[in-house]
Amino acid sequence: MTSVVSASVKGCRARFPIFERLVYINSCSQGALSDSVRAAYDDYLTGWDDRGAPWDYWVERTEAARGAFARLVNARPDDVAVTTSLSAGVSALASAIDFRTRPKVVISDYEFPTIGQIWHAQQLRGAEVHVVPPERVAEAIDERTAVVSITAVCYRNGARLPVEEIARLGKEVGALVLLDAYQAIGTYPLDVTQLGVDALAAGVLKYLLGSAGLAFMWVRPGLAEELTPTETGWFADRDIFEMAHTRYAPSPTARRFQSGTPPVPSIYAGIAGIELMQEIGIAATREHVNGLNERLIAGADELGGTVVTPRDEERRGALVCIASTDAPALVAALAGDGIVTSERDGNLRVSAHAYNTAEDVDAVLAGLAAHRGLLE
């Protein structure tokens, strides 16, 4: 695949010092550390040292993070909750669902453990959880369905689900459709006005180049007022500075799905990561990564490897998975060669980003050739 790489993509690699030492191609686990994110942490520490407890400013930083994520997915800031993790946001949302008349929850077999565990926990409140293969999600949705919960990209094999189609089917029966976009956000453009889902949750530590401890959940306009979570905290209140402890009055906006004190250091890093990705360009990154993945897939084929990720670029995310006879051993062997990857479900995961190059892919292929005995 031939592509014209934008100048912003070409020039970004120097912003990530890890490439002076390693071939880092593991963004599906954690984005590489950039100079701007490191500087953001320094800014947080300097402000803390200089001003002691500048909570007014830290609250403003929380609002800046909300706005940054809203712009990323073409949403209004008031429809975005700032959370410490995807788990926190989705758990708050789940706590607001009434399962008495519509008990069914449909999730795909491609979900990350967080999603499955949260919805299975709702069985204590009357939910009936149906885990089905992705190709059977559509037929599992019926009039008893309260929630359809799907991932955009499977963390185990890199496959993309037909989100818009599933969302349409969910809406037809009046179900709430939740999208876990953690493995998608930052790898291709996402627009909540076009996806058709009711809620979208994602974090910043992978392709948005931030750190652990910060995530977001968008809910469609008006949905927040329809759902009252029982999992809450003081930053979910209608007025956090009122400091009321004698009543429950959640915010009328998506803030009602927040919890306690926000993760201020991670917010600094998250804003920096999001701004850097917008500077590099998400659409340009998608084109660049598709080219690298075509090179990787062709090379794996030549080595006789088994690529378990869909070949069609419209049906895959940014990560490419290759079957292994001993995936942990293969990851360790590549690490010994100075190549950072990861594994899940018996597969090697190779996840390129804007900062990776054809030379990085060739290094991976050389490593696979050297350890060919670990390919399935």
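Conventions used here
Residues numbered from 1 in each chain as written. Predicted model: local features only at pLDDT ≥ 70, side-chain atom pairs only at ≥ 80, totals over all residues. Heavy atoms only, no water. Pairing = 2+ DSSP bridges. Helix = DSSP H or I, 4+ residues; strand = E, 2+ residues; numbered from the N terminus. Right-handed = clockwise from strand over helix to strand, strands pointing away. Buried < 20%, exposed > 50% of the residue type's maximum accessible area, 1.4 Å probe, protein only. Contact = heavy atoms within 4.5 Å. Core = buried A, V, L, I, M, F, W, Y, C linked by side-chain atoms within 4.5 Å. Phe/Tyr/Trp six-rings, centres within 6.5 Å; stacked < 30°, edge-to-face > 60°. Polar contact = N/O pair within 3.5 Å; in protein donor to acceptor, adjacent residues only side chain to side chain.

Colleague: Looking at this structure, how should I read the pairing of strand β4 (residues 128-132)?
Modeller: Put simply, side chains in a regular strand alternate between the two faces of the sheet. By the bridge criterion, five bridges tie strand β3 (residues 104-108) to β4 in an arrangement that is parallel. Across the sheet, I107 pairs through a bridge with V131, a residue of β4. The β-α-β motif built from β3, the intervening helix α5 (residues 113-121) and the parallel element β4 has right-handed crossover chirality.

Colleague: What exactly am I supposed to notice about the side chain of N26 here?
Modeller: Note on placement: N26 falls in the loop between β1 (23-24) and α2 (35-51). What makes N26 buried here is its relative accessible area of 7%. Excluding residues within four positions of it along the chain, N26 makes contact with V340, T341, S342 and S351.

Colleague: So what exactly am I meant to see when it comes to the nonpolar core here?
Modeller: Soluble globular proteins tend to bury their nonpolar side chains together. Grouped together as the largest cluster of nonpolar side chains are 91 residues, with contacts concentrated most on F69, L179, L200, F216 and L368. Excluding anything up to four places from it in sequence, F69 contacts V80, I185, L200, A202, F216 and I274. Residues V90, I115, V147 and L227 belong to the second largest nonpolar core, which totals 31 residues.

Colleague: Mind showing me how you'd approach the packing of aromatic side chains here?
Modeller: The description of an aromatic ring pair uses the distance of the two centres, along with the angle that the planes make with each other. In total, this model carries nine aromatic pairs according to the counting rule given. Their ring planes at 65° and their centres at 5.4 Å tell us that Y44 and Y268 sit as a pair that is edge-to-face. Of this pair, Y44 sits in helix α2 while Y268 sits in helix α10 (residues 264-280), and the two are 224 residues apart along the sequence. Each ring, one from F112 and one from Y155, has its centre 4.9 Å from the other, and the planes form 75°; the classification is edge-to-face.

Colleague: Is there a simple way to explain the side chain of S351 in this structure?
Modeller: Its location among the elements puts S351 in strand β12 (residues 347-351). Owing to a relative accessible area of 0%, S351 belongs among the buried residues under this scheme. At 2.8 Å, the side chain of S351 and the backbone nitrogen of S27 are in polar contact. One polar contact links the side chain of S351 to the main-chain amide nitrogen of C28, over a distance of 2.8 Å. Among residues more than four places away in sequence, those in contact with S351 are I25, N26, S27, C28, Y207, A318, L319 and N356.

Colleague: Hey, could you run me through the pairing of strand β9 (residues 319-323) in this one?
Modeller: Burial runs high along β9: five of the five residues are buried. What you see with β9 is no split at all: L319, C321 and A323 on one side and V320 and I322 on the other are buried throughout. By the bridge criterion, five bridges tie β9 to β12 in an arrangement that is antiparallel. Residue C321 lies in a different strand from β12, and its bridge partner there is R349.

Worth remembering: the numbers are spatial, not functional.
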